[in-house]
Amino acid sequence: MDRKEALDSVRANVENENLVKHMLATEAIMRTLARHFGEDEEEWGLAGLLHDIDVELTDGDMSSHSRLGADLARELGASESMAHAILAHNEQHGVPLETKLDKALFCTDPLTGLIVAAALVRPDKKLAGLEVSSIKKRFKEKSFAAGASREQIARCVDIGLELDEFIGVGLEAMKGIAEDLGL
Ligand SMILES: [Fe+2]
């Protein structure tokens, strides 16, 4: 599978443009993390790009979300490690986070929402002027972007990153695709 096939499949299965953007943001962060760790950038990036491909197909059914996604990814030719990361990112299955890829996808998933929300409350609604310190401040406000699980984001320590460092990586990665994100 190449990136175009993966993105085509995402677009074929996901109508909500914000959800597509969430997957693009996750991909961008996963690519940056893979480079940081000397891991396989393509594998990590595509796991991020595909991880929520089944959200509309499973229509809120969390017991099938990410099971179907992992199957779809396999059909597209994803490696078993990518499929495992996609499956495990939904905690409800109780599938343990085993690899660094599993753990990276898990903590990256909610980070994108926190960063998007932090950009949208700025007067210019752009990522460009956003700084790690203001995201960190938002992180501590429990009611701000409450859907972005702080506990899950903080699991970045499992891949050896301090919270500030992780937010910094996420922010730079998303700034790099700001135009695609409309931010
Ligand atoms: Fe997600």
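Since the model is a prediction, treat every value here as computed from it, not as a measurement.

**Digging into the nonpolar core**
Here is a general trend for soluble globular proteins: nonpolar side chains tend to be buried in one another's company. L33 and L127 are the most contacted members of the largest nonpolar core, which has 63 residues in total. Excluding its chain neighbours within four sequence positions, the residues that come into contact with L127 are I115, A119, L171, M174, K175, A178, L181 and L183.

**Here we look at the layout of surface pockets**
Put simply, the largest pocket is a space of about 350 Å³. What lines the largest pocket is a set of 21 residues, and nearest its centre among them are D52, M62, H65, H89 and D109. Those elements giving two or more residues to the lining of the largest pocket turn out to be helix 2 (17-37), helix 4 (55-58) and helix 7 (100-120). No other element matches the four residues that helix 7 contributes to the lining of the largest pocket. For the lining of the largest pocket, the class distribution of residues is five nonpolar, twelve polar and four charged. Its boundaries defined by the atoms lining it, the second largest pocket holds a volume of some 210 Å³. If you trace the second largest pocket, you find it lined by N16, N18, L19, K21, H22, A25, T112, V116, L120, L181 and L183. For the lining of the second largest pocket, the secondary-structure elements that each account for two or more residues are helix 2 and helix 7. Top element by residues in the lining of the second largest pocket is helix 2. It accounts for five residues.

**Notes on the packing of helix 3 (residues 41-50) against helix 7**
Packed helices, taken two at a time, are described by the angle their axes make and the gap between the axes. Packing of helix 3 against helix 7 brings their axes to within 11 Å, and their N-to-C directions diverge by 40 degrees. By the angle between their directions, the pair helix 3 and helix 7 is classed as oblique. The hand of the helix 3/helix 7 crossing is right-handed. The residues of helix 7 that touch helix 3, namely those facing E43, W44, A47 and G48, are K100, L101, A104 and L105. Within the contact of helix 3 with helix 7, the residues separate by chemical class into five nonpolar, one polar and two charged.

**Overview of the environment of M30**
Tracing the backbone through its elements, the reader meets M30 in helix 2. Counting along the chain gives 86 residues from M30 to V116, while the straight-line C-alpha distance between them is 16 Å.

The rules behind each value
Residues numbered from 1 in each chain as written. Predicted model: local features only at pLDDT ≥ 70, side-chain atom pairs only at ≥ 80, totals over all residues. Heavy atoms only, no water. Core = buried A, V, L, I, M, F, W, Y, C linked by side-chain atoms within 4.5 Å. Buried < 20%, exposed > 50% of the residue type's maximum accessible area, 1.4 Å probe, protein only. Contact = heavy atoms within 4.5 Å. 1 Å grid on protein atoms, 1.4 Å probe; cavity = no way out; pocket = protein on both sides within 12 Å on 5 of 7 lines; lining within 4 Å. Points joined across faces, edges and corners; volume = space filled by probe spheres on them. Helix = DSSP H or I, 4+ residues; strand = E, 2+ residues; numbered from the N terminus. Nonpolar A, V, L, I, M, F, W, Y, C, P; charged D, E, K, R; others polar. Axes fitted to C-alpha atoms, helices over the stretch in contact; angles between N-to-C directions. Parallel < 35°, antiparallel > 145°, perpendicular 65-115°, else oblique. Left-handed = near helix turned anticlockwise from the far one by under 90°.

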